[in-house]
Amino acid sequence: MSTHPVSPAPTSSAERVAQHRRYLMCRPDHFTVSYSINPWMVPSRPTNTETALRQWQNLYDTYVALGHEVELIDPVPGLPDMVYTANGGFLIDGVAYGPKFHFPERAPEAAHFNAWFAANGFQLTEAVEVNEGEGDFLLVGDTILAGTGFRSTGDSHREVGEVFGREVVSLTLTDPRFYHLDTAIAVLDPVHGADHGGPDHANIAYLPQAFDDASQAILAERYPDAIRVSEADGDVFGLNSASDGLNVLISPRATGFEAQLRERGYNPILIDLSELLLGGGGIKCCTLELRAASGELRGRAS
Ligand code: ARG
């Protein structure tokens, strides 16, 4: 590392390490906006399934090019939101906590996701409480950040804590545009937390205004080094991104966030999912992380 005579040395990306990821995605073969369950969805506005497929394919191809594994769940006719697989469950150490959707339009998706987890070697716990999977649950270190206010209930926060035996931190969303936690917080590096380093080791990014005062205070206290994004970047779903600890896939419209990521030594990769934003979803929404049992991971690595 070279010293810099004038300004402090920027964090070099060499300090950030890309971690292997395994994801579940669903082709938007049946994508359309035929109902409205969030402020982004306007059924009278036309959608283009071919554009959605092309943009989705680019996301898929980018993950594969980065060396990640991507599994696919079959799309089901009549379930246009199934492309947003992040809502299909929450998985840690080979255990899958199934979804239970808030809106009846998406309720039938749960059985499809649960069946996929069971058929693919995950130990499934079906949900009793209403929750929308990784849309509202984010793993940061050993802690589960859990969103409520619009979709997942507080009772599901207790349930997810029981299923995984981990600390759960409840956060309340207040702006209907940011109705899932993954629209307001991005986990940049779940391994290297603020505890392990100085300001260069920020591991989450978030939009403070999306939360109530108590939640803002919790976030400020726990993640003093976090990137706080501007409202403009939040508005274009900039936080709805996927990171492997080095490469961060973000919307090309989140230009301020892009610069913040570069300053911190991350490598932003711009992926346009404008068509899927018509359904109120972005990069993270289309991506569910499949965290295998740790033994299985070690097996794969060796
Ligand atoms: N139309 C979907 C819904 O409103 C979009 C889901 C976006 N997913 C997410 N993880 N934020 O449920």
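Details of the site of the ligand
In the vicinity of the ligand lie 17 residues, with Asn-38, Arg-106, Asp-182, Gly-279 and Cys-285 positioned nearest. Measuring from an oxygen atom of the ligand, one finds a side-chain N or O atom of Asn-38 at 2.7 Å. Measuring from a nitrogen atom of the ligand, one finds a side-chain N or O atom of Asp-81 at 3.0 Å. Expressed as a share of its isolated accessible area of 350 Å², the protein-covered part of the ligand is 100%. Residues of the shell around the ligand, tallied by class, amount to 6 nonpolar, 7 polar and 4 charged.

Looking at the pairing of strand β2 (residues 69-72)
Relative to β2, strand β1 (residues 22-25) is paired through 4 bridges, and the arrangement is parallel. Bridge pairing in β2 places Tyr-23 opposite Val-70. In this region the chain leaves β1, passes through helix α1 (residues 49-65) and returns to the parallel neighbour β2; the handedness of that crossover is right-handed.

Quick word on the sheet that holds strand β6 (residues 137-140)
Spatially, the 3 strands line up as an open sheet ordered β6-β7-β8, and their pairing is mixed. The sheet terminates laterally at β6 and β8 (168-172), the two strands that pair on one side only. This sheet shows a mean twist of 25° between the axes of neighbouring strands, independent of strand direction. Here 5 bridges tie strand β7 (residues 143-148) to β8, and the two strands are oriented parallel to one another. By the bridge assignment, Gly-147 is partnered in β8 with Leu-171. Helix α3 (residues 154-164) rests against β6, β7 and β8 of the sheet, and its axis sits at about 160° to β7. Contacts between helix α4 (residues 213-222) and the sheet are confined to β7 and β8, with β8 contributing the most and set at about 135° to the helix.

Side note on the pattern of salt bridges
Across all of its chains, the model carries 17 salt bridges by this definition. Its salt-bridge partner being Asp-29, residue Arg-27 comes within 3.2 Å of it at the nearest N-O pair. The exposure class of Arg-27 is partly exposed, given its relative accessible area of 32%. Here Asp-29 falls in the partly exposed class, since its relative accessible area comes to 33%. Glu-167 is paired through a salt bridge with Arg-222; the nearest N and O atoms lie 3.0 Å apart. Of this pair, Glu-167 sits in the loop between α3 and β8 while Arg-222 sits in helix α4, and the two are 55 residues apart along the sequence.

Points about the nonpolar core
Counting 32 residues, the largest nonpolar core has Leu-145, Ile-185, Leu-188, Phe-211 and Phe-257 as the members making the most contacts within it. Residue assignment for this core shows that the elements contributing at least two residues are β6, β8, β9 (185-187), β10 (204-206), β13 (247-250) and α6 (255-263). One finds Phe-31, Ala-52, Val-83 and Ile-283 within the second-largest nonpolar core, a separate group that totals 27 residues.

Some thoughts on the packing of aromatic side chains
Think of a pair of aromatic rings as described by two things: how far the centres are apart, and how the planes are tilted against each other in angle. Per the counting criterion, the structure on display carries 9 aromatic pairs. Judged by centre distance (5.6 Å) and plane angle (25°), the ring pair of Trp-56 and Tyr-60 falls under stacked. Taken together, the residues span about one helical turn, with Trp-56 and Tyr-60 both in helix α1 at a distance of 4 residues. Members of the aromatic cluster, connected to one another through ring pairs, are Phe-90, Tyr-97, Phe-137 and Phe-164. Positioned above the aromatic ring of Tyr-266, the side-chain terminus of Arg-16 is 4.0 Å from the ring centre.

Analysis parameters
- Residues numbered from 1 in each chain as written.
- Predicted model: local features only at pLDDT ≥ 70, side-chain atom pairs only at ≥ 80, totals over all residues.
- Heavy atoms only, no water.
- Near = heavy atom within 4 Å.
- Polar contact = N/O pair within 3.5 Å; in protein donor to acceptor, adjacent residues only side chain to side chain.
- Areas by Shrake-Rupley, 256 points an atom, 1.4 Å probe, with all protein chains shown as cover.
- Nonpolar A, V, L, I, M, F, W, Y, C, P; charged D, E, K, R; others polar.
- Pairing = 2+ DSSP bridges.
- Helix = DSSP H or I, 4+ residues; strand = E, 2+ residues; numbered from the N terminus.
- Right-handed = clockwise from strand over helix to strand, strands pointing away.
- Axes fitted to C-alpha atoms, helices over the stretch in contact; angles between N-to-C directions.
- Contact = heavy atoms within 4.5 Å.
- Salt bridge = Lys/Arg side-chain N within 4 Å of Asp/Glu carboxyl O.
- Buried < 20%, exposed > 50% of the residue type's maximum accessible area, 1.4 Å probe, protein only.
- Core = buried A, V, L, I, M, F, W, Y, C linked by side-chain atoms within 4.5 Å.
- Phe/Tyr/Trp six-rings, centres within 6.5 Å; stacked < 30°, edge-to-face > 60°.
- Lys NZ or Arg CZ within 6 Å of the ring centre and 35° of its normal.

In short, geometric facts, not functional conclusions.
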